[in-house]
Every structure is written in structure tokens, then in C-alpha cells.
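# Chains, contacts and geometry: an overview
Chain by chain, the residues:
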Amino acid sequence: MNQNSWIVIFLAYVMGLLSTIFLGFLNPDPTVQQWLILGIVLSVLTAVIAVLLPRFWPTAPRRKIYLIGLIIALLSAFYCQIRIPQPTENDISQLLISQNLNRQSVTISGEILTEGKSNASGRLQYWFEPQTVIKKDKSEQKVTGKLYMTLPFFQGKGLVPGQKIKVFGTLYLPKKA
């Protein structure tokens, strides 16, 4: 394999990754029909390129390289899909969205995961693993996941990783960049 073959294979890998956009942006569960359409589109695109490219590029790779590129494109699309995180049913993020707890006061018990770091406003920031959420109506729900938690300096001082605590405050989704 020469340099031109590697260029085609690299571009096929990138095309495969970019083709996952057609499955839906960060779609954690594409249908079989979507995968078939993606496979057909990539196959047709590869066939067209394998026929037309040698006419304009005299040192273009042989056609079997395009077949290898197609396989790599399909594998990279599949790899990209399986690497998308998929939160569980009882993930804290699902609770925030499905039960509309955005900006509502709750009590969360769980475990501190990291050392506190001071932010620009003098508060301490922690990663926290929630275990239970107690809502206003006193109903308790088991949850999983991670929370980014900010506490006033004097309340957060002395917290260490592994320590179990209860925190009262408001949950909210981060602002979009």
C-alpha cells in the first residue's frame, strides 16, 4: 500500500465518523432502517468515487482499496455510535428532564468523588455521586450518575473524597456554550 492508499483509508475513516450525523445528532439508539440507509449511502458514495476518481487522479489507488475504505467507514460509524454515553433510566440527568426538577429544591445524599477546588467566586467545586434524591413532597428516589456541585467555602471546607453527605439545593442543567 502506498501513500495514496493510506489517504483514501484515512478519508474513509473520517467519512464514517461524519456519517453518524445522518443517524441523528448523538442518537444513542438508531434503528435498523437508519443503519441500512447509512450503509447504502456509503456504498453508493464509495462506488461513485471508485469509478470517477481514477479519471481525475492518475495515481489513484486500485478499486480494492475503496472496498477496504468502505469497510473502515462502516466500522468507524459503528464505533462512534457505541462510544456515545447512554444514561440509565435512574440517572440523575434523566430525573432532571423527565420530572421537571429544573430549579426545584431537593435534598441529595451521596458520596464526594474529588477534592474541592476553589472557583473564581471563592466557592468550592466537587464531583459528587448521588445515591438518593428527596423531593419537596418527601418522596425518595434512588439515582445514579455524577453531579458537579458548588458549595460555599466554609460549608465545603473539610470534605474529602469518599465522604458521604446530604446536600440541600437546586438542580439545574448547565448553560449551553
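In short, a report on the structure. This structure is a prediction, so every number in the text was calculated from the model and none was measured. (Residues numbered from 1 in each chain as written. Predicted model: local features only at pLDDT ≥ 70, side-chain atom pairs only at ≥ 80, totals over all residues. Heavy atoms only, no water.)

## Details of the pattern of salt bridges
Under the criterion given, the structure shown has one salt bridge. Residue Glu 111 pairs with Lys 164 through a salt bridge whose shortest N-O separation is 3.1 Å. Here Glu 111 is found in strand β1 (residues 105–112), whereas its partner Lys 164 is found in strand β6 (residues 164–170), with 53 residues between them in sequence. The exposed category is assigned to Lys 164, whose relative accessible area is 54%. (Salt bridge = Lys/Arg side-chain N within 4 Å of Asp/Glu carboxyl O. Helix = DSSP H or I, 4+ residues; strand = E, 2+ residues; numbered from the N terminus. Buried < 20%, exposed > 50% of the residue type's maximum accessible area, 1.4 Å probe, protein only.)

## Remarks on the packing of aromatic side chains
The tally for this structure, following the rule as stated, stands at three aromatic pairs. Considering the side-chain rings of Trp 35 and Phe 78, the 6.1 Å spacing of their centres and the 55° angle between planes classify their relative orientation as tilted. Here Phe 78 lies in helix α3 (residues 63–82) and Trp 35 lies in helix α2 (residues 32–56), a separation of 43 residues in the sequence. Residue classification places Phe 78 among the partly exposed positions, given a relative accessible area of 45%. Here Phe 153 and Phe 154 contribute two aromatic rings whose centre-to-centre distance is 5.4 Å and whose plane-to-plane angle is 80°, an arrangement assigned as edge-to-face. The ring of Trp 127 carries Lys 146 above its face, with NZ or CZ at 5.7 Å from the centroid. (Phe/Tyr/Trp six-rings, centres within 6.5 Å; stacked < 30°, edge-to-face > 60°. Lys NZ or Arg CZ within 6 Å of the ring centre and 35° of its normal.)

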